[in-house]
Amino acid sequence: MTPERWDEINRIYHCAVEVDIDRRAVFLKEACNGDDTLHQELESLLVSHEQAGAFIEQPVFATG
Amino acid sequence: MGSSQEDVSTLLIAWNDGDKTALDKLMPLVYAELRNLAHFHMRRERPDHLLQTTALINEAYLRLVDQKRACWQNRAQFFGVASQLVRRILVNEARKNKSAKRGGNNLKLPLDEAPQLCQERNKELVALDLALHFLAEVDLRKSQIVELRYFGGLTVEEIAEFLKISSATVMRDWSMAKAWLYRELHHDT
């Protein structure tokens, strides 16, 4: 992955999470402009974003 | 403790002033103290007692750093170094426990759910550590932020201070890193 590609994924991701969830698919289609790989990458990241919930939100505890 | 307190305070200040070699000298001192403290608490506490990482790092900080000379930035830096070390210590322990379970012990059946939960947690820790290595290759700062927050228990403001970026940037990076890591750990894509 090139740094430019990663920046692009970051940029679209941050815009997409600001968009209402029911309008996100339309937004994503426009933002990715026919680039299927980019679209897939962002779609899966956004699904994870919605599912992640409390994942790693609490700092790790060491059991003694 | 006197002389190593002197050392750690001096090294933190030197590092803050831009001396990169100070960090290499700092790491083993902090590592030793964290290990000692962790073992001390594990011997004394009941087996089911939870030892909080942030409390552990804070205790190491109070013991190792001369409070009269330290400033707020030094505290953030100390927590930054300690977070890396906590990650290393916990992941090493988790790996050891995983392989111990595969060894001669596997005839013993767990008496309750606790050992299984522990095994689950060990597996997750090792997987998270691996995913963080991959994330670091794509975006080092995002992996650092996760390390500082998850392993070190730092607040968003402390992370911003440590990495010299804004709190808003920390939160944006955190959001994306969390989604990325979650996908790595939960979907085999």
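Up top you'll find the structure we're talking about.
In what follows, the accompanying structure is described. Everything numeric in this text was worked out from a predicted model, so none of it was measured.

**Topic: the nonpolar core**
By size, the foremost hydrophobic cluster in this structure holds 68 residues, and its most contacted members are B:L34, B:F78, B:F151 and B:L181. With 10 residues, the top contributor of residues to this core is helix 4 (residues 72-102) of chain B. Excluding anything up to four places from it in sequence, B:L181 contacts A:F55, A:I56, B:L128, B:A131, B:L132, B:L135 and B:V146.

**Describing the interface of chain B and chain A**
Opposite the 34 residues of chain B that make contact, chain A presents 23 residues. Both sides together, the interface formed by chain B and chain A hides about 2900 Å², and carbon and sulfur atoms give 64% of it. Along the contact surface separating chain B from chain A lie three salt bridges. Across the pair A:E57 and B:R149 runs a salt bridge, and its minimum N-O distance is 3.3 Å.

**Considering the pattern of salt bridges**
All names here are of chain B. Applying the stated criterion across every chain yields a total of 16 salt bridges over all chains. Residue R75 pairs with E158 through a salt bridge whose shortest N-O separation is 2.6 Å. Placement of the pair is R75 in helix 4 and E158 in helix 7 (residues 156-163), with a sequence separation of 83 residues. Taking relative accessible area as the criterion, R75 reaches 23% and is therefore assigned partly exposed. On the accessibility criterion, E158 (11% relative accessible area) is buried. A salt bridge links D129 to R95; the shortest N-O distance between them is 3.4 Å. Of this pair, D129 sits in helix 5 (residues 114-138) while R95 is found in helix 4, placing the two residues 34 residues apart along the sequence. Among the residues examined, D129 registers a relative accessible area of 7% and is labelled buried.

What counts and how
Along every chain, residues carry numbers that run from 1 in the direction the sequence is written. Each chain gets a letter, beginning with A, and each ligand a number, beginning with 1, in the order they are written. Whole-chain, interface and lining totals are the exception, using all residues; otherwise, since this is a predicted model, local features are given only for residues with pLDDT of at least 70 and side-chain atom pairs are given and counted only at 80 or more. In computing side-chain properties, one takes all heavy atoms of the structure into account and sets aside hydrogens as well as water. In this description, a nonpolar core means a group of buried Ala, Val, Leu, Ile, Met, Phe, Trp, Tyr and Cys residues linked to one another through side-chain atoms lying within 4.5 Å. Exposure is judged per residue with a 1.4 Å probe applied to protein chains only, and the accessible area is read against the type maximum: over 50% gives exposed, under 20% gives buried, and values in between give partly exposed. Per the convention used, a helix needs a DSSP run of H or I reaching at least four residues, while a strand needs a run of E reaching at least two, with both numbered from the N terminus. In what follows, residue pairs with any heavy atoms lying within 4.5 Å of each other are defined as contacts. Once two parts are brought into contact, the accessible area they lose, counted with a 1.4 Å probe and summed over both, makes up the buried area. Only one rule defines a salt bridge in this text: a Lys or Arg side-chain nitrogen within 4 Å of an Asp or Glu carboxyl oxygen.

No statement about biological role is implied by the geometric values presented.
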